[in-house]
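Descriptive analysis of the structure
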Amino acid sequence: MSATPACRACGQPRSRLEGSRRRPSAPEPFHYFRCAACGFLFVEPVTPDSVYDDAYYDGRGVDPTVNYRAEYEHYARTDRIHEFNDLLRLATCHLSRSDAPPGTGPVRWLDFGCGAGGLLKFLRDQRTVDSATGPRPLELVGSDVGSYSDRLRREDGFQILAPGELAALPDGTFDLISAIEVLEHIAHPAPVLRLLARLLKPGGFLLLTTGNLASPMARWKGLDFSYCMPEIHVSLFSPATLNRLYADAGLVPERVRYRGVLRFKILKSAGSDRRRRLLRGALRFPGFRRLVDLLYGTSAMPCARKPLATPTIVRA
Ligand SMILES: [Zn+2]
């Protein structure tokens, strides 16, 4: 490769080749480039969206740890229930703050990249969310593409928006937006974060999770880090790159302390039932949870809040 590509996050022309990986799924190697300006790590070439076929959603594709079919059919019986409870806890914390969007009516929640709809189903079963003004009904909207979006729309009655429909919504539509393990699948993250920021009400909260490529484990493993799956994880972040993108979108980074999100991530990576049982035992010890959080930098990855008075962004 003679010239390196411009950064897909900040547009700077300077990037350097960090390494390449061959994968059984592709005839050509994947190249990892690091932006010299913002530190963003990105994969070329980007695999077409056709990688997200039915086999992928069943855990028979490039990521064997996903099982969207089980999540669609019985979300409460999967380990993701820990993650869902944690996200609801964090949403409740935010809505109880004085700088949350004011109001006593329904709380509008967008699950961006809703996949098989497990979180949407969980939230629909909750029906309400606690806030500073008491329990408020939840109004749910999902956004994604693919076969599960159609099923969630047709068979489950959810409002699932395609990307074009989402972009047509007015400013300040949502109190809360979740983007759980989505951003790493998106080749150009900056315009997506700007869209989500626009769709948040002033005081609204973005619950976003993605892998931490600046964590001790990621630094130790390099491109062998388990999160480096170049067919699907095409954009990789550190707290610093995420903070920069948030600022560009007019959002304020906000740290949270994950509990169930971390628990789910640990159990998801178990690989076998025996290891899962061992990990369940270890998870009873707060020290073990803290150690894993430190090694993988899960809680170090910030969420973001839209300020009540949005600062004017001046572009050069
Ligand atoms: Zn950059």
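Residues numbered from 1 in each chain as written. Predicted model: local features only at pLDDT ≥ 70, side-chain atom pairs only at ≥ 80, totals over all residues. Heavy atoms only, no water.

Considerations on the coordination of the zinc ion
- Looking at the metal site, the zinc ion is ligated by C7 (SG), C10 (SG), C35 (SG) and C38 (SG), spaced 2.3 Å from it.
- Each of the four donor atoms around the zinc ion contributes to a set of angles spanning 102 to 116 degrees, which defines the coordination as tetrahedral.
- When the donors of the zinc ion are listed by position in the chain, the intervening gaps give C-x2-C-x24-C-x2-C. Placement of the pair is C7 in the segment before β1 (15-21) and C35 in strand β2 (residues 30-35), with a sequence separation of 28 residues. Across the pair, C35 and C7 agree in class, each one buried. (Donors = N, O, S within 2.8 Å, 3.2 Å for Na, K, Ca; no water. Tetrahedral: all angles 85-135°; square planar, octahedral: opposite > 155°, others 65-115°. Helix = DSSP H or I, 4+ residues; strand = E, 2+ residues; numbered from the N terminus. Buried < 20%, exposed > 50% of the residue type's maximum accessible area, 1.4 Å probe, protein only.)

Some thoughts on the pairing of strand β4 (residues 107-112)
- Most of β4 is tucked away, with five of its six residues classed as buried.
- As paired strands, β4 and strand β8 (residues 174-180) are joined by three bridges and run parallel to one another. Residue pairing across strands places L110 opposite I177, the latter belonging to β8. (Pairing = 2+ DSSP bridges.)

Quick word on the nonpolar core
- Grouped together as the largest cluster of nonpolar side chains are 39 residues, with contacts concentrated most on W109, F122, L123 and L207.
- Here the element with the most residues in this core is helix α3 (residues 80-95); it accounts for seven residues.
- Filtering out sequence-adjacent residues up to four positions away, L207 remains in contact with L87, L90, A91, W109, I177, S178, A179, I180 and C303.
- Formed by 37 residues, the second largest nonpolar core is a distinct cluster that contains L161, L200, L251 and A304. (Core = buried A, V, L, I, M, F, W, Y, C linked by side-chain atoms within 4.5 Å. Contact = heavy atoms within 4.5 Å.)

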